[in-house]
Amino acid sequence: MKTAIITDSSAYLSEEMKQKETVFVLDIPITIDGETYIEGQNITVPEFYQKMAATQELPKTSQPSIHDLATLLQKLSDEHYTHVIGLFLSSGISGFWQNIQYLKDEFPNLTIAFPDTVITSAPLGYMVEVTANMIKTNATFDFILSELAEIIDKTTAFIIVNDLNHLVKGGRLSNGAAILGNLLNIKPILRFDDSGKIVVYEKIRTSKKAFKKLYKILADTTKTGDYKVYVIHANVPETAQEVAKELTEKGFDVSIATFGAVIGTHLGEGALGFGISPKLK
């Protein structure tokens, strides 16, 4: 069995994963003021946040290219791969997952699986890493998919958004609600629901109370198992370091990640999240 993993550029990947020969990444273009950028190619994450702050219009993201995916699948088939696992951003925030299902039957020499991850960012990168490790141990394809299903089922993320006006631009909050929220200093906590959509979980006054609530959510979510926790930030590294340090002192296994350009477009600068992923036994 020769297995490839395909993901997209919304996933937060370690340098080791980026260099793996069996891991392939589809680009998600970002358009700012009419210019198209690809994170890691012609724009860095800090540069993206600088450009987003300077523009009056919300940057726009596209879906990964289905043509590029089909071309890659043909290339993998020609290179004698036998199996492919595609781990892409949640179907709840992109139509890409629904649009590619027909491809599973287009390549007779490949056994292809596209599980809906219902997540993105660091937890998505974690799924890629775990899958790569299982492939390395010569796990069967069915076993890998069953383990992935369990990870997907128990993975979640919660996010504190700093800028309510950004949610208005993205169509996730009414302008009236944003004005009221800003006046009352409300910090909404967002989460990925069971369908993979980003929804408002709770509205809390002040950042201090919001963080206190998130700590309680984290403790409640992880009390029945062993979890990897990601502190994910949108260009606020100092805050992320402080939060990670506090969580580490509380006994959590914590890593710091960034919301890249794709997700940062929808959350805005200053957002901070917890990605919660179960560890394999």
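Above this text is the structure in question.
Now for a description of the structure that goes with this document. (Residues numbered from 1 in each chain as written. Predicted model: local features only at pLDDT ≥ 70, side-chain atom pairs only at ≥ 80, totals over all residues. Heavy atoms only, no water.)

Observations regarding helix α10 (residues 237-249)
- The first and last C-alpha atoms of α10 sit 18 Å apart over 13 residues, in line with the 18 Å expected at 1.5 Å per residue.
- All of the buried residues in α10 are Ala240, Val243, Ala244 and Leu247. For α10, the angular spread of buried residues about the axis comes to 100°, placing them on one side. More than 90 degrees from the buried face of α10, the exposed residues found are Glu238, Gln241, Glu242, Lys245 and Glu249.
- Close packing links the buried residues of α10 with α9 (207-222), β11 (227-233), β12 (253-258) and β13 (272-278).
- One or two residues past the end of α10 sits glycine 251, with phi positive at roughly 100°. (Helix = DSSP H or I, 4+ residues; strand = E, 2+ residues; numbered from the N terminus. Expected span 1.5 Å × (residues − 1). Buried < 20%, exposed > 50% of the residue type's maximum accessible area, 1.4 Å probe, protein only. Arc of directions from axis to C-beta. Contact = heavy atoms within 4.5 Å.)

Things to note about the sheet that holds strand β4 (residues 35-37)
- Read across the open sheet, the three strands follow the order β4-β3-β5; overall the sheet is antiparallel. Strands with a single pairing partner mark the edges of an open sheet, and in this sheet they are β4 and β5 (60-61).
- With three bridges joining them, strand β3 (residues 30-32) and β4 adopt antiparallel strand pairing. When the sheet's bridge partners are listed, isoleucine 30 is paired in β4 with tyrosine 37. (Pairing = 2+ DSSP bridges.)

Concerning the packing of helix α5 (residues 121-136) against helix α6 (residues 141-154)
- Between α5 and α6, the least distance of the axes is 11 Å, while the angle of their chain directions is 155°. One finds that α5 runs roughly antiparallel with respect to α6. The handedness of the crossing between α5 and α6 comes out as right-handed. Contacts between α5 and α6 involve Tyr126, Met127, Val130, Thr131, Met134 and Ile135 on the former and, on the latter, Phe143, Ile144, Glu147, Leu148, Ile151 and Ile152.
- Its residues assigned to classes, the contact of α5 with α6 shows 10 nonpolar, one polar and one charged. (Axes fitted to C-alpha atoms, helices over the stretch in contact; angles between N-to-C directions. Parallel < 35°, antiparallel > 145°, perpendicular 65-115°, else oblique. Left-handed = near helix turned anticlockwise from the far one by under 90°. Nonpolar A, V, L, I, M, F, W, Y, C, P; charged D, E, K, R; others polar.)

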